[in-house]
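# Overview (structure and organization)
The lines below spell out each chain.
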Amino acid sequence: MKRTTGTCYYPEHWDKALWAEDARRMVEAGLTWVRIGEFAWSRIEPTPGDFQWEWLDDAIEVLGTAGLKVVLGTPTATPPRWVADKHPDMFAVDVDGKQRGFGSRRHYCFSHEGYQAEAARIVELFAERYGANPHVAAWQTDNEYGCHDTTISYSDAALKAFRFWLKDKYKTIDALNEAWGNVFWSMEYNDFDQIGLPNLTVTEPNPAHSLNFRRFSSDQVVRFNRIQTDIIRKHSKAPLSHNYMGRVTDFDHYKVGDDLEIATWDSYPLGFLEDRVGADVSEQRVYARQGDPDFQALHHDLYRAVGKGRWWVMEQQPGPVNWAPYNPAPLPGMVRLWSWEAFAHGAEAVCYFRWRQAPMAQEQMHAGLLRPDSADAPAMAEAKQVRDEIANAPDVAPYQAPVAMIFDYDAEFAWAVQPHGQGLSYFSLFFETYKALRKMGLSIDILRPETRDFDGYKLIVAPGLMHMDESLKQALTKANGHVMLGPRTGARDGDMVIPTPLPPAIEGLDVIVSRVESLRPDMPEPIAGGGAVTGYRELLEGSVDVVLRSKDGEAAVVSNGDVTYVAAWLNQTALRRVLAPIAEGQGLDVLDLKDGVRVRDTATERFWFNYGASETEYDGRRLEAASVIREERSE
Amino acid sequence: MKRTTGTCYYPEHWDKALWAEDARRMVEAGLTWVRIGEFAWSRIEPTPGDFQWEWLDDAIEVLGTAGLKVVLGTPTATPPRWVADKHPDMFAVDVDGKQRGFGSRRHYCFSHEGYQAEAARIVELFAERYGANPHVAAWQTDNEYGCHDTTISYSDAALKAFRFWLKDKYKTIDALNEAWGNVFWSMEYNDFDQIGLPNLTVTEPNPAHSLNFRRFSSDQVVRFNRIQTDIIRKHSKAPLSHNYMGRVTDFDHYKVGDDLEIATWDSYPLGFLEDRVGADVSEQRVYARQGDPDFQALHHDLYRAVGKGRWWVMEQQPGPVNWAPYNPAPLPGMVRLWSWEAFAHGAEAVCYFRWRQAPMAQEQMHAGLLRPDSADAPAMAEAKQVRDEIANAPDVAPYQAPVAMIFDYDAEFAWAVQPHGQGLSYFSLFFETYKALRKMGLSIDILRPETRDFDGYKLIVAPGLMHMDESLKQALTKANGHVMLGPRTGARDGDMVIPTPLPPAIEGLDVIVSRVESLRPDMPEPIAGGGAVTGYRELLEGSVDVVLRSKDGEAAVVSNGDVTYVAAWLNQTALRRVLAPIAEGQGLDVLDLKDGVRVRDTATERFWFNYGASETEYDGRRLEAASVIREERSE
Amino acid sequence: MKRTTGTCYYPEHWDKALWAEDARRMVEAGLTWVRIGEFAWSRIEPTPGDFQWEWLDDAIEVLGTAGLKVVLGTPTATPPRWVADKHPDMFAVDVDGKQRGFGSRRHYCFSHEGYQAEAARIVELFAERYGANPHVAAWQTDNEYGCHDTTISYSDAALKAFRFWLKDKYKTIDALNEAWGNVFWSMEYNDFDQIGLPNLTVTEPNPAHSLNFRRFSSDQVVRFNRIQTDIIRKHSKAPLSHNYMGRVTDFDHYKVGDDLEIATWDSYPLGFLEDRVGADVSEQRVYARQGDPDFQALHHDLYRAVGKGRWWVMEQQPGPVNWAPYNPAPLPGMVRLWSWEAFAHGAEAVCYFRWRQAPMAQEQMHAGLLRPDSADAPAMAEAKQVRDEIANAPDVAPYQAPVAMIFDYDAEFAWAVQPHGQGLSYFSLFFETYKALRKMGLSIDILRPETRDFDGYKLIVAPGLMHMDESLKQALTKANGHVMLGPRTGARDGDMVIPTPLPPAIEGLDVIVSRVESLRPDMPEPIAGGGAVTGYRELLEGSVDVVLRSKDGEAAVVSNGDVTYVAAWLNQTALRRVLAPIAEGQGLDVLDLKDGVRVRDTATERFWFNYGASETEYDGRRLEAASVIREERSE
Ligand SMILES: [Zn+2]
Ligand SMILES: [Zn+2]
Ligand SMILES: [Zn+2]
């Protein structure tokens, strides 16, 4: 399969007279895919039961006959006003107890049964009408689940469903009380119907309560999506997808992905750097026009896992966006670079959001491939360059990276419930570790925590899995590669209770975490020989080799044979000091990439990226600012 | 007309035995005006229908016979508790949906019909009783509309009125949907009764929705005020006024002013510097005891426009206030300086707030001309000095400044709805441009956006008018003076949609804004030759002369003949680099004022102000700290 | 009486099989006291009227027969879910009007009559059953009144009770209107039933309204506690106590203490430094593992006053806690140091919280003397060292310090209502003054504002008493020692009104505060000769000696004979410049303690503490890091 590109188009926003010329220009730009329909409910069903399909029929026909493949989105992220009038309590409720209203998008609670029925109805109608349409080559369910903090709702509908979910899980209220330790502050319930939602409590709720509510909320997204996929499959053979949003981690994407053929995600490198990467201010300034060099790469690897190998970028930022605190334009070359970073990680397709900048409504400041006046926007030239380069590049091909990292949504939930120190999060720990590996020039596969077969990986890295199934522990200790765990590995049982024997309880690693502490960001604990512990550390007892030691004498990293345990949150210097020797010991070629230079391997090529705003050089290679070069791999 | 001074007095706060002596001391202090009555409803009508007029009759008599002229305020800003008991839903509702309660002031929603009737009733009674009173020389409606964030209310009353207002404006729901682009996220309505208020949405509402709600909210203030003015005019020939509050810009003061003879405003330089000027921390420290050197001047010029030439300072800070984050005392001399800055800008009167410091209730820490124990507070001596200086100064006289700036409340609303970058506001853009002109020693007239006759102005400056009527564009391109526009000029049509052809679409200026971007505050774009773009810029296409260029090659300021377009938010250095040559080219004398030195011209004099805390010198003049000197003008 | 130690234990959290061994190890660790029961309601009465006393009977028996003395807590801080189901409006309501829910602790409003009855019922049952139990040697009412911001509730129950309280205080509504100055903004009421709570007003409420609501809220805590003490006393001769929380100052602890025999408090030095001391960042970093050197000492002195001489530390931090923004481990030695600091201040007992770290629920990250797996945690060794040291130390003995400070909860309320400058608080003013005295090596008694006999004190310091009874003024002016007052002494009458003659109105001190101002933190006013005024100052008039003068010429500190008035918020340097000469003049030995070195005297010994992380030296004494040494006193 050749790599492909595409775009997101809203025929309902434009005069029908523009469609054919738009389609022609899309084809000219080398685009294969055009996603449509996902916000169009009010134009399909302007009033209850009054259907206006013709325009969509025509749009698909115009696009399809021009040579484009349509990705058809179900419109459930934006139910019309009249749907909300029928179900006045269908909205999510925020953590302060305020109902969120109509007037933007994603205005529904995943647990609302009335809305679930409305969504099923409209999806069924879409699927019946277009399931066999030859131009509809793929489907997208809804749009960006969880975006705008919409996974978790404190509504009555959520409360009712949560109690049902808990009853299903724990069977008896005594079992729940016991598992959660509700005796602690006389929080014991006599009945499932007494359980509330974990917001608005006087001080923090029981972490077991909060964690279960997060797990429940995640399951509700999976359930909502499955309602749609069950329906579409009855009518269509085309692959199903959903477009996940960057660093929306409050539901389990793997589980949603189990019901889909393709994972896609929406990649806005500049907006993300401003509002969610977590970079420090100096990094935000250096990369303001390029985005973080590793944040997108991490997501590419993650969605390759979520998509079981098949994944796209469904929305690629093509210029300034409208929604970040600051919205600069990308450096010339970045749209091409971002596209190739995705392809280098195995993307089948990269679609630019959006075709033409909308002059109206919420995203009127969001750039497109075209300006509002239909002239080419700056991204268009780069999209065409990518078109030409794809033509001369090899096909998409499977490739197993030498390094694996386990990313676990449940760990993200648990850390969110109990970070222990302000600002600590699982995602950040994972991201910093990922970054350290990537600065070593290593390509990475992200694996889900259900993985038990680690064959072929030289190095398996799994920081922060607060709960770790015994079978995963077993599989890791039996893996051929080197395994790096911690901090907080196995720190809690499945109900958020500290287990005895104390963590990490890894076979063959004679060590226990006897005490933990979180640290002020301004008091890092220096490590002897370089690097530092920041924010969090564990004090260990046991008989193991000490790999790194804090200057105060405490072990920061220990190992036994092929298992390394990291008992602290390490900074980049310290991470490299641990990881580089292990990787070299496993025969991997470890680079020392500076500033914005990064690499990524495919089965046949090595890609070199320069995220820097200036030309640079690595080992004889000249790397222009904001550029990518491809080299054949000599493995 | 001689310039005059006055004070604000609350006879109801003091033993009646004090009134005559207070009046005598007011006259001794040279005061002409005494404003009373505006918070006295509970003493006039302590219970429904039980009227106690005698004390107010007596107070007016005592003050009037002592030689003072009374400004009588309508008491509608503080309805008594029993009014609220009759109308339990008369309160405004905040953006979070919480009803704001009784216990301070301004506790009403402008849209509440029941309260409108109560207000009309009490105003009618005031007007009937005092409309012909010889001592009542002027009226004030209500008090500080909009203060404490009270313009915008998300109440049911507002919702009902907003729907009515929208129906009146758009006639059909289809027209509204089309104008707003509601198709965007299936936000289309079937009926005006489906439209909600633009708060509590999941993510941002349609900017057209928000902008219309702001325009509506502004109109509700105008409407509320007009209810009062229509009634008072039936009974009184005295001029009507309202005291606007500094940087309360969420309703259109010009439109309120159309129903009044005199605009007044409340000037608290030290409080404002702490809580609303937007100065950086070092400027806040330098001017903590003087206030910003330009903020009051801007308001003086603005209210001269709002009052169609007739304007006062109704409340002048006389010492420390109670309401800012920090409340220092002014430097000795500042009360005099502030008074003269107002007179130099054409004020008819400056009234000190308040006569005697109240020992009780919310403003007990707010200084007056007297201390709570009736001794003179420090401001008294300065008020007396002003009295003596006025006596030897020329009359108030009309004067047209050489420079005009257009201030547009609708632009303020539009920027508030869509700043594009965090911290960007129309007011700040306007203020920084105003400051640059004032540091050049130029006197400025502020004009409303309905102005079409620009005769006599050498330079007309109108930054940031996001929507600009075609007729204004025409008038500006035909003006004799040099016109400076941008950034964001004409960036939206009247319904907050990006127009095609792209902005600014100024006749004779071959340039379009092809892309915009907002910038992190820590990444200014330097301009070749000095100065920088900060926060926001536009990328241009077209054939024009480039006046200033960013170091990365992009045009920052362009011109054609007598029209200059500024495509960026410029810092002070860059603003001077653009404005000074234009002003000099127009024959204006451009100064280079440093630190706290400022000038302002009248028809016959030039005033020199030193806001600095140290003595300084300009061109041979010695300027004491916190002082003002007058010079005859040699034009 | 020998000094004693103890711990807090939750038999209901552990298998009954563990109790005897736990008790044995407690005795081995030298512990005398074991506090139990305070969160156990759901295990005593799992459903309404179904009582399960046996386990608690057994627990007391096991502990008592092992040789421990039981402190039995009433379980009213954690009513079970079914209590809340009976009284769905028993929860407190926050300042935003949101009801706080079930799921943690302290989920009740002090004013709710239904809950008061439930609390009385369960306390009666506890008292009846255990009042004569020989092992129950003391009682604790509830747990940490006011913790988690629970003193003040804006509930309907509070509203009803507040109106009743006001009517009882003011008798007539006219008297209330007059006292509060409600005429100010037409806030006059016709009836007590019109009075609301002082939240959700448009701008700030009348400070008299707010202050009365704070006084009422304080009284409600006193009243709630007295319900319990009245009941327990009917059944038990054992002393009653309550465990106050550090810097919870929104109710009057003295008044609660009047109904108890012993005051105890919960001392978490590291958590406090992070979340409530108010130290600057550099101090937070330096003492992150030790806690502030004075904050606990202040509380020790305060609770000696609250307990009328009898006081304990009921919960002593033994390791990292779970609830602060960052939760580091203490330096080795600090648990011992903290224990001895308490004993040096006269504590009868220090109890470590908690015995064994709980693996479940909200405090699973809170260290204990034991780890969750029952191994000794690091604190155990230090507890045992304290055990040995107590054995060789003198008995607890009364000791009057040479210096007295008056701490007034009502002043804290008044400053909270009207800080005048952002960040100013009475507690901080008091704390900084306390710190200055302690750095001079002086031991301090804290006195309540009802004190009239100051015999034996060389120096009496009372900053910030915004309202000061005439009789206290008289007593102070007649005291033998030197008296230091101000700033803000007597600044308000009992109804929060500025009195005339102006403050401070101290007999024999010819000075009035003619003006006050608050200052930006970045603009301190330097004092001639060293030190500075920060944040707040008063300008004085009158004939007094000026002790310190600001560089701008204003008096900062004045005196007449044995009365010194401080007209400003002074920094540490300036405080020392005022206080050291006075103390020396009174014959006191003034030290100049640096960094973390502190002393505290008892009747027979001087204790030297080093809070520093490094060894240091004072006057020939070698002080190890985080250590304490005792010396016999040579008075
Ligand atoms: Zn079907
Ligand atoms: Zn009339
Ligand atoms: Zn009894």
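From a predicted model like this one, the values you see are computed outputs, not experimental measurements.

What follows covers the overall build of chain A. Scanning chain A from N- to C-terminus turns up 18 helices and 24 strands. Over its C-alpha atoms, taken along the principal directions, chain A stretches across nearly 75 × 70 × 40 Å. Burial analysis of chain A (635 residues in total) assigns 69% to the buried set. Long-range contacts, defined as pairs at least 24 residues apart, comprise 71% of the intrachain contacts of chain A with a sequence gap of at least 6. Of the roughly 19,800 Å² of accessible surface on chain A, 49% is carried by carbon and sulfur atoms.

To continue, consider the coordination of the zinc ion (ligand 2). Residues and elements named next belong to chain B. Only Glu124 (OE), Glu128 (OE) and His235 (NE2) from the protein coordinate the zinc ion (ligand 2), and they sit 2.0 to 2.5 Å from it. Counting along the primary sequence, the residues that act as donors to the zinc ion (ligand 2) give the motif E-x3-E-x106-H. Residue Glu124 and its partner Glu128 are both found in helix α5 (residues 113–130); the two are separated by four residues, about one turn of the helix.

Now for the UniProt feature "domain: Glycoside hydrolase family 42 N-terminal" (unreviewed entry) in chain A. In the numbering adopted here, UniProt assigns the feature "domain: Glycoside hydrolase family 42 N-terminal" (unreviewed entry) to residues 8–391 of chain A. Structurally, residues 8–391 of chain A is divided into 41% helix and 10% strand, and its ends, taken at the C-alpha atoms, are 22 Å apart.

This paragraph deals with the relation of the copies chain A and chain C. Superposition of the two copies of the chain requires a rotation about an axis and a shift along the axis. Each copy of the sequence occupies a distinct position, and chain A is placed on chain C by a rotation of 120 degrees and an axial shift of 0.0 Å, giving an RMSD of 0.0 Å. The superposition of one copy onto the other is thereby described by a three-fold rotation axis.

Here the focus is the side chain of His87 of chain C. Residues and elements named next belong to chain C. The residue His87 is located in the loop between α4 (81–86) and α5 (113–130) in this model. We classify His87 as buried; its relative accessible area is 14%. Beyond its immediate stretch of four places on either side in the chain, His87 contacts His112, Gly114 and Glu118.

Residue and element names in this part refer to chain C. Each protein donor to the zinc ion (ligand 3) is listed here as Glu124 (OE), Glu128 (OE) and His235 (NE2); together their distances run 2.1 to 2.6 Å. Look at where the donors of the zinc ion (ligand 3) fall in the sequence and you get E-x3-E-x106-H. One end of the pair, Glu124, is in helix α5; the other, His235, is in helix α8 (residues 207–235), and 111 residues separate them in sequence. The partly exposed category is assigned to His235, whose relative accessible area is 26%.

Now for helix α18 (residues 572–585) of chain C. All names here are of chain C. In a regular helix each residue adds 1.5 Å, so 14 residues correspond to 20 Å; α18 covers 20 Å between its end C-alpha atoms and thus fits that length. Taken as a whole, α18 has its buried residues at Ala574, Leu575, Val578, Leu579, Ala580, Ile582 and Ala583. Looking one or two places after α18, you find Gly587, whose phi comes out positive at around 85 degrees.

Where the parts come together, the accessible area they lose is often given as the size of the interface. The interface of chain A with chain C comprises 45 residues on the first partner and 59 residues on the second. Buried surface at the junction of chain A and chain C, both sides included, amounts to about 4,500 Å², of which 55% is carbon and sulfur. The largest contributions to the chain A side of the interface with chain C come from Phe184, Trp185 and Val202 of chain A, which together make up 18% of the buried area. Counting the contacts that link chain A with chain C gives seven salt bridges.

Every contact between the two is made by 59 residues of chain A and, on the other side, 45 residues of chain B. Of the roughly 4,500 Å² buried between chain A and chain B on both sides combined, carbon and sulfur atoms contribute 55%. Taken as a group, Tyr326, Gln362 and Met365 of chain A account for 16% of the area that chain A buries against chain B, more than any other trio of residues on that side. Between chain A and chain B we count seven salt bridges in total. Measuring nitrogen to oxygen at the nearest pair gives 3.6 Å for the salt bridge that ties Arg285 of chain A to Asp522 of chain B. Summed over the shared surface of chain A and chain B, the result is 27 residue pairs in polar contact (both at pLDDT 80 or more). Put simply, the parts of the chain that give the side of chain A that touches chain B at least two residues each are α2 (41–44), α4 (81–86) and α11 (281–286) of chain A. Partitioning the side of chain A that touches chain B into residue classes produces 26 nonpolar, 18 polar and 15 charged.

Cut-off values and rules
Residues numbered from 1 in each chain as written. Chains lettered and ligands numbered in written order. Predicted model: local features only at pLDDT ≥ 70, side-chain atom pairs only at ≥ 80, totals over all residues. Heavy atoms only, no water. Helix = DSSP H or I, 4+ residues; strand = E, 2+ residues; numbered from the N terminus. Buried < 20%, exposed > 50% of the residue type's maximum accessible area, 1.4 Å probe, protein only. Contact = heavy atoms within 4.5 Å. Areas by Shrake-Rupley, 256 points an atom, 1.4 Å probe, with all protein chains shown as cover. Donors = N, O, S within 2.8 Å, 3.2 Å for Na, K, Ca; no water. UniProt positions renumbered as here; feature names shortened; annotations may be inferred. Least-squares fit on C-alpha atoms with pLDDT ≥ 70 in both. Expected span 1.5 Å × (residues − 1). Buried area = accessible area lost by both parts, 1.4 Å probe. Salt bridge = Lys/Arg side-chain N within 4 Å of Asp/Glu carboxyl O. Polar contact = N/O pair within 3.5 Å; in protein donor to acceptor, adjacent residues only side chain to side chain. Nonpolar A, V, L, I, M, F, W, Y, C, P; charged D, E, K, R; others polar.

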